[in-house]
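# What the coordinates show
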Amino acid sequence: MKFVEVDGLQFEVMPVAQTVIKTLVDPLRNRLLPVSMLKRMANRSQSPLIQESLVRPGGWRSMNIVYQNSKPVDWMDRMAVRYNPISMATRNRRKLVTAKLTELLKSLQSEPQIQLLGIGAGPGLHLQDAVVRAAVPAKKVRISLIDLDSDAFEFGRQCAKERGLENSVEFVQGDAREIRRVLPDLSPHVVKIVGLLEYLTDEQALQLLSAMRDVILPSGRLLTHGLVDRYNSGPFLKRTFGLSHVQRTEDDVRSLLKSAGFETLSVHHTPMQIYPVLISRPA
């Protein structure tokens with residue numbers, strides 16, 4: 001693995017040798033090899049990420065395996081976890097998002113109570129880690145995590161307990177586009193939407209962002225991101241696992257935010273330039 005440092009954070013970048021290998025292999029797996037062969041190869045691997053992706057592609061368990069980045073069990077596992085550009089960029093995104101959330105939380109230290117909202121949050125690790133890193137007292141923060149699927153909630157509660165946040169975190173199953181019905185009294189200082197917009201159509205994304213505009217505090221901040229498949233990983237993921245992403249550049253996301261009533265304040269990139277992270281406020 002190769003790293004570069006940007007603003008004190010260590011980000012992964014693609015080694016030259018892996019870039020060459022990927023250039024040679026991509027035509028085969030993206031177009032030429034039959035899908036049936038790709039699936040047979042995937043089923044034979046002992047890779048936890050590959051096996052999870054065959055069942056629940058893009059789910060929170062897959063993300064957690066990517067984050068853990070454990071020692072590979074076979075060569076396919078090494079390629080999937082260590083050298084897949086999406087996996088590398090996902091770990092980079094977590095570092096960047098957590099750092100930016102930490103900055104936002106530090107700027108809110110004078111508030112008597114801080115309300116945070118995570119959408120499609122799974123176990124909610126971005127916000128939990130940011131609270132710890134910003135050294136915000138647990139009694140001063142309320143983290144609301146909403147997801148259509150409650151599967152990650154128990155793991156999230158365990159993580160909150162380990163961080164001393166078990167009394168500060170609530171997990172809510174529901175549709176965030178109906179946020180006023182699901183959490184009628186919430187007015188968050190910070191809204192985080194990570195790992196979700198790339199699965200939504202423009203119409204769905206606009207509905208979600210508009211719902212956030214209705215509840216966020218006038219001085220609040222919304223953090224989200226786009227996806228640009230610069231390394232052409234999408235065709236293989238779709239053919240083998242049925243995992244399809246909606247690509248959006250930073251300008252595409254900025255336009256959606258504007259249509260929903262937000263003004264983009266800043267855009268942040270990691271060296272792989274896959275996930276542009278945008279921070280906005282109510283216009």
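So, a few notes on the structure that sits alongside this text. Computed from a predicted structure; not experimentally measured.

Reading the values: the criteria
- Residues numbered from 1 in each chain as written.
- Predicted model: local features only at pLDDT ≥ 70, side-chain atom pairs only at ≥ 80, totals over all residues.
- Heavy atoms only, no water.
- Helix = DSSP H or I, 4+ residues; strand = E, 2+ residues; numbered from the N terminus.
- Contact = heavy atoms within 4.5 Å.
- Salt bridge = Lys/Arg side-chain N within 4 Å of Asp/Glu carboxyl O.
- Buried < 20%, exposed > 50% of the residue type's maximum accessible area, 1.4 Å probe, protein only.
- Axes fitted to C-alpha atoms, helices over the stretch in contact; angles between N-to-C directions.
- Parallel < 35°, antiparallel > 145°, perpendicular 65-115°, else oblique.
- Nonpolar A, V, L, I, M, F, W, Y, C, P; charged D, E, K, R; others polar.
- 1 Å grid on protein atoms, 1.4 Å probe; cavity = no way out; pocket = protein on both sides within 12 Å on 5 of 7 lines; lining within 4 Å.
- Points joined across faces, edges and corners; volume = space filled by probe spheres on them.
- Pairing = 2+ DSSP bridges.
- Right-handed = clockwise from strand over helix to strand, strands pointing away.
- Patch = residues over 30% accessible without salt bridge, like charges linked within 9 Å, V, L, I, M, F, W, Y side chains within 5 Å.
- Areas by Shrake-Rupley, 256 points an atom, 1.4 Å probe, with all protein chains shown as cover.
- Phe/Tyr/Trp six-rings, centres within 6.5 Å; stacked < 30°, edge-to-face > 60°.

## A few points about the environment of Pro-48
Among the secondary structure elements, Pro-48 is positioned in helix α3 (residues 48–55). Along the backbone, Pro-48 and Val-73 are 25 residues apart, and their C-alpha atoms lie at a distance of 8.5 Å. Among residues more than four places away in sequence, those in contact with Pro-48 are Ile-65, Val-73 and Asp-77.

## What about the environment of Pro-137?
Tracing the backbone shows Pro-137 in the loop between α7 (125–133) and β4 (141–147). Distance from Pro-137 to Gly-226, taken between C-alpha atoms, is 32 Å for residues 89 residues apart in sequence.

## With respect to the pattern of salt bridges
In total, this model carries 17 salt bridges according to the counting rule given. Across the pair Glu-12 and Arg-91 runs a salt bridge whose closest N-O atoms are separated by 2.6 Å. Of this pair, Glu-12 sits in strand β2 (residues 9–13) while Arg-91 sits in helix α6 (residues 85–106), placing them 79 residues apart in sequence. Looking at Arg-91, the relative accessible area reads 7%, which means it is buried. Where salt bridges share partners, they join Lys-22, Asp-26 and Arg-29 into one cluster.

## Quick word on the packing of helix α5 (residues 75–82) against α6
How two helices sit against one another is set out by the angle between their axes and by the gap between those axes. Axis separation between α5 and α6 bottoms out at 5 Å; the angle between their running directions is 45 degrees. Looking at the two axes, α5 sits oblique to α6. Contact residues: Ala-80, Val-81 and Arg-82 in α5; Ser-87, Met-88 and Arg-91 in α6. Of the residues in the contact of α5 with α6, the class split is three nonpolar, one polar and two charged.

## Examining empty space enclosed by the protein
All chains considered together, the criterion is met by one cavity of 30 Å³ or more. Counted as a void, the largest cavity has a volume near 30 Å³. Leu-197, Glu-198, His-225, Gly-226, Leu-227, Val-246 and Arg-248 are the residues that line the largest cavity. Classifying every residue of the lining of the largest cavity gives three nonpolar, two polar and two charged.

## Some points on the pairing of strand β7 (residues 221–225)
For β7, the buried fraction is high: four of the five residues fall into the buried class. Relative to β7, strand β6 (residues 190–193) runs parallel, the two being bridged by three bridges. Residue Val-190 lies in a different strand from β7, and its bridge partner there is Arg-221. Taken together, β6, helix α10 (residues 202–215) and β7 constitute a β-α-β crossover, and its handedness is right-handed. Where β7 lies against strand β9 (residues 277–282), four bridges are found, and the strand directions are antiparallel. Across the sheet, the residue bridging to His-225 is Val-277, located in β9.

## With respect to helix α11 (residues 234–241)
Within α11, burial applies to Phe-236, Leu-237, Arg-239, Thr-240 and Phe-241. Next to the buried residues of α11 lie α1 (16–32), α2 (35–44), α3 and α6. Once α11 finishes, Gly-242 follows within two positions and takes phi at roughly 70 degrees, a positive value.

## Quick look at the pairing of strand β1 (residues 2–6)
By the bridge criterion, five bridges tie β1 to β2 in an arrangement that is antiparallel. The residue of β2 that forms the bridge with Val-4 is Phe-11. Connecting β1 to the next strand, β2, in antiparallel fashion are two residues, including Asp-7 with a positive phi near 50 degrees.

## Quick notes on a nonpolar patch on the surface
On the surface, Val-16, Val-20, Ile-21, Leu-24, Val-25, Trp-75 and Met-79 cluster together into a nonpolar patch covering about 670 Å² of accessible area. Tracing the backbone shows Met-79 in helix α5.

## Topic: the packing of aromatic side chains
Inspection of the entire model under this criterion finds three aromatic pairs. Centroid distance Trp-60 to Phe-155: 5.2 Å. Interplanar angle 25 degrees. Geometry classified as stacked. Of this pair, Trp-60 sits in helix α4 (residues 60–68) while Phe-155 sits in helix α8 (residues 153–162), placing them 95 residues apart in sequence. Plain terms: the ring middles of Phe-236 and Phe-241 are 6.1 Å apart, the flat faces sit at 85 degrees to each other, and that makes the pair edge-to-face.

## Comments concerning the sheet that holds β7
Strand order in the open sheet formed by seven strands is β5-β4-β3-β6-β7-β9-β8, and the pairing between neighbours is mixed. Looking at the sheet topology across the chains shown, the edges are occupied by β5 (169–173) and β8 (262–268). Across the sheet, the axes of successive neighbouring strands diverge by a mean angle of 20 degrees, strand direction being ignored. Note: strand β3 (residues 114–119) against β6, four bridges, orientation parallel. Each residue of the ladder has a partner; that of Gly-118, found in β6, is Lys-192. Relative to β5, α8 is tilted by about 175 degrees, and along the sheet it contacts β4 and β5. Strands β7, β8 and β9 of the sheet are contacted by helix α12 (residues 250–259), whose axis makes an angle of about 155 degrees with β8.

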